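Residue strings, one per chain:
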Amino acid sequence: MKSVKRLLQYFCAVFAGGALLGSSVLAADIDFGKPGEPVKLVVGYQPYYTQSWSGVVMRGKKFYEKYLPKGSQVEFQIGLQGAIIVNNMLAGKQHIGYMGDMPAIVSTTKQEVADVRIVANLGLGHDQCNIFLVRTDAPKFASPLDAIKWLNGKQVAVPKGSCTDRYAQAVYKKFGVQPAAYLNQNIEVITSNFRAGKIDAAVIWEPTASRLVQEGLARRVASGVTPQENDAGFLAMRADLIKQRPDVVRAWLNAELDAQLFLADGKNALEVIKMAREQTTGFSDKVLWYSLYGAYGPDQDGSKVRNALHFTITPQARELLERATAFLFEIKSINTPRLRPEAVMPEFAEAVLRERKLKAPVGEVAAQPDSAFRPIN
């Protein structure tokens, strides 16, 4: 504990000196109070993006109550897309954000509006965002690679600028695929177009991917497993919160670690699904279960690990951040080919792991057989 206190004192001294966050104060800065005082936090999270479900667990289990100063208040706000959370964080309406890799990166590049930092990893996988679906009457493919090659000359839809877009374009480049049309459509339009037979394929994230499969509107044929393209979720915080309240940052990350350990324990699967059901609409229990715990076969490019919980910014997580940043710059979504050094701050998460004598990754969400699913009361 003494080493942790010394570390917090170090952070306070560094922040006071402006070495990490700079000495200038943005007009958008918020007063979060002094260390040790109760704090009011607004948290943006995405229950409609399975890889960020540690936020669902945090809301349901309230692990943060164990660590935040007594009297603190936490409000959770649902973001249907990561961009909504980014906008709210930049506007000072939300202070902590659970989101996919692309919006997390974008959030750190708008420092002229507000300074946002990436502080932790929510998970790395190969089939949380990176999932190719095809129409139900598409041919039966001998392998996921054959399915990918079939996309040549087809009508393919994707929400552009998202993790699905990065994955799809990487796959096209790797295997020389050229769709006849590469359409920019959101998940609602993609769902409607599959139902109407207007598209051949799409790239979708969980849990929508499992919903389309379970409802018989599309077939899953490939993921990031065959092309070895991964996906990730990240936790971001406003820099003014980090600067003023390193105690709150450390408290939240301790709670986040508890949430990730809870997710990693397969015995908690049905409780997790119950929480996800309570925080979403339009998804059955089985769809929600499949999105994180379901096992997809080799013909569907399934992965034995649905989400690897790295917690801190490991080399694998950092490599993905660098690759995704370069992609966003290439498509002109951001104005820099690489993140500023201070945009990613793993210091706090690493300190929490050291204190609790754990190493990254802290756990894995393993795929479970169909027999593991039970109807939830």
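The following paragraphs examine the structure supplied in this document. Just so you know, the residues in each chain are numbered from 1, in the order the chain's sequence is written. Restriction of local features to residues with pLDDT of at least 70 applies here, the model being predicted, together with a cutoff of 80 or more for giving and counting side-chain atom pairs; totals for whole chains, interfaces and linings are based on all residues. Excluded from the side-chain calculation are hydrogens and water; included are all heavy atoms of the structure.

1. Focus: the pattern of salt bridges
Next up, step 1: A pairing counts as a salt bridge when a side-chain nitrogen of Lys or Arg comes within 4 Å of a carboxyl oxygen of Asp or Glu. Going through the model one piece at a time under the given rule, you end up with 18 salt bridges.
Next up, step 2: For Lys174, the salt bridge identified is with Glu229, shortest N-O distance 3.4 Å. Taken together, the residues span a long stretch of sequence, with Lys174 in helix H6 (residues 163-175) and Glu229 in the loop between strand E9 (219-223) and strand E10 (231-238) at a distance of 55 residues.
Next up, step 3: Only protein chains enter the accessibility calculation, which uses a 1.4 Å probe. A residue is then buried if its area is under 20% of the maximum for its type, exposed if over 50%, and partly exposed in between. Lys174 gets classed as partly exposed once you look at its relative accessible area, which sits at 42%.
Next up, step 4: In this structure Glu229 comes out as buried when scored by relative accessible area, which is 10%.
Next up, step 5: The partner of Asp247 in a salt bridge is Arg245, with the nearest N and O atoms 2.8 Å apart. Arg245 carries the same exposure label as Asp247, and that label is buried.
Next up, step 6: Among the charged side chains, a network of salt bridges with common partners joins Asp115, Arg117, Arg340 and Glu342. Only DSSP runs of H or I with at least four residues qualify as helices, and only runs of E with at least two residues qualify as strands; both kinds are numbered from the N terminus onward.

2. Side note on the state of the cysteines
By definition, a disulfide links the sulfur atoms of two cysteine residues through a covalent bond.
Next up, step 1: We call a pair of cysteine sulfur atoms a disulfide when they lie within 2.5 Å. This model, assessed by the stated rule, comprises one disulfide.
Next up, step 2: The residue that forms a disulfide with Cys129 is Cys163, at a sulfur-sulfur distance of 1.7 Å. Handedness here is read from the sign of the S-S torsion; for Cys129 and Cys163, about 80°, the answer is right-handed. Of this pair, Cys129 sits in the loop between strand E4 (116-125) and strand E5 (131-134) while Cys163 sits in helix H6, placing them 34 residues apart in sequence.

3. Comments concerning the environment of Asn186
Next up, step 1: Within the secondary structure, Asn186 is located in the loop between strand E7 (181-184) and helix H7 (187-196).
Next up, step 2: We classify Asn186 as partly exposed; its relative accessible area is 33%.
Next up, step 3: Here the alpha-carbon distance between Asn186 and Phe373, two residues 187 residues apart in the chain, equals 30 Å.
Next up, step 4: Within 3.5 Å is the distance limit for a polar contact, defined as a pair of N or O atoms, with the added protein rule that one can donate a hydrogen and the other accept it, and that residues adjacent in sequence qualify only through two side-chain atoms. A polar contact is formed between the side chain of Asn186 and the backbone nitrogen of Glu188, at a distance of 3.1 Å.
Next up, step 5: There is a polar contact of 2.8 Å between the side chain of Asn186 and the backbone nitrogen of Val189.

4. Describing helix H14 (residues 347-355)
Next up, step 1: Taken residue by residue, H14 has Phe348, Ala349, Ala351, Val352 and Leu353 as its buried positions.
Next up, step 2: Following H14 by one or two positions, Lys357 adopts a phi angle in the positive range, close to 55°.

5. Structural notes on the layout of surface pockets
Next up, step 1: In this structure, the largest pocket spans a volume of roughly 430 Å³.
Next up, step 2: A cavity here means a set of points on a 1 Å grid, drawn over the protein atoms and nothing else, where a 1.4 Å probe fits but cannot get out; a pocket is an open set with protein on both sides within 12 Å along at least five of seven lines, and a residue lines either one if it has an atom within 4 Å of a point. Around the largest pocket, the lining is made up of 22 residues, and of these Gly82, Ala83, Pro103, Gly161 and Ser162 lie nearest the centre.
Next up, step 3: Every element with two or more residues in the lining of the largest pocket is listed here: helix H3 (82-90) and helix H4 (101-107).
Next up, step 4: Counting residues per element, the lining of the largest pocket draws most heavily on H4, which supplies four residues.
Next up, step 5: As a working rule, the residues Ala, Val, Leu, Ile, Met, Phe, Trp, Tyr, Cys and Pro are called nonpolar, Asp, Glu, Lys and Arg charged, and the rest polar, with Gly in that last group. Here the residues of the lining of the largest pocket are counted per class, giving 11 nonpolar, nine polar and two charged. Grid points are joined across faces, edges and corners, and a volume is the space filled by probe spheres set on the points.

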